[in-house]
Amino acid sequence: MHLVVALAAILSTLVEVKEGPESSFYLPFMGNLHVDVFNKAMGVLVKMGLCKIENHYVTFTTPTPGSKGEEFLTAIRKLEKRAA
């Protein structure tokens, strides 16, 4: 599985549910995505300001306007609308 696809799937789910245990975001990828790659993906989302992780609990955060996080979130939302 490509990292960008994993990022998009994780972010899309996170936007919908707003928060949850880190393991619940990894479970759908088990067997398709190594845990190290998943952790890197989560690190990217944190750096983009799209979530925070404390004690293995993930919470969606609204990205700073004009940031790469906002650009990525906007792109994911556009893709979701096309797929609907």
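Residues numbered from 1 in each chain as written. Predicted model: local features only at pLDDT ≥ 70, side-chain atom pairs only at ≥ 80, totals over all residues. Heavy atoms only, no water.

Chemist: What am I meant to see in helix α3 (residues 35-47) here?
Modeler: Think of an α-helix as turning once every 3.6 residues; residues three or four places apart then point the same way. An ideal rise of 1.5 Å per residue puts 18 Å on 13 residues; α3 measures up with 18 Å between its terminal C-alpha atoms. Taken together, the buried positions of α3 are occupied by F38, A41, M42 and L45. Along the axis of α3, the buried positions cluster into a sector of 95°, meaning they face one direction only. Exposed residues pointing more than 90 degrees away from the buried face of α3 are listed as K40 and K47. Those residues of α3 that are buried lie in contact with α1 (3-17), α2 (22-26), β2 (51-54), β3 (57-60) and α4 (68-83). Count one or two residues on from α3 and you reach G49, which has phi positive near 75°. (Helix = DSSP H or I, 4+ residues; strand = E, 2+ residues; numbered from the N terminus. Expected span 1.5 Å × (residues − 1). Buried < 20%, exposed > 50% of the residue type's maximum accessible area, 1.4 Å probe, protein only. Arc of directions from axis to C-beta. Contact = heavy atoms within 4.5 Å.)

Chemist: Is there a simple way to explain the packing of aromatic side chains in this structure?
Modeler: Two numbers describe a pair of aromatic rings. These are the distance of the centres and the angle of the planes. Considering all chains together, one arrives at one aromatic pair under this definition. Between the aromatic rings of Y26 and F38, the centroid separation amounts to 5.1 Å while the plane-to-plane angle is 55°, which identifies the pairing as tilted. Of the two residues, Y26 sits in helix α2 while F38 sits in helix α3, which places them 12 residues apart along the sequence. (Phe/Tyr/Trp six-rings, centres within 6.5 Å; stacked < 30°, edge-to-face > 60°.)

Chemist: What is the right way to read the nonpolar core from this model?
Modeler: Ranked by size, the top nonpolar core spans 23 residues in total, and within it I10, L11, F38, M42, L45, L50 and F72 carry the most contacts. Elements that contribute at least two residues to this core include exactly α1, α2, α3, β3 and α4. With seven residues, the single largest contributor to this core is α1. Discounting residues that sit within four places of it in the chain, L11 has contacts with L45, L50, F60, F72, L73 and I76. (Core = buried A, V, L, I, M, F, W, Y, C linked by side-chain atoms within 4.5 Å.)

Chemist: It is not clear to me how the sheet that holds β2 should be interpreted in this structure. Could you clarify?
Modeler: Within a sheet, each strand pairs with its neighbour through backbone hydrogen bonds, oriented either parallel or antiparallel. Overall, antiparallel pairing links the three strands, which are arranged β1-β3-β2 in an open sheet. Both outer strands of the open sheet, β1 (19-21) and β2, are each paired with one neighbouring strand and no more. Put simply, the sheet's adjacent strands are angled 20° from each other on average, direction ignored. Helix-sheet contacts for α3 involve β2 and β3, and the interaxial angle to β2 is about 120°. (Pairing = 2+ DSSP bridges. Axes fitted to C-alpha atoms, helices over the stretch in contact; angles between N-to-C directions.)

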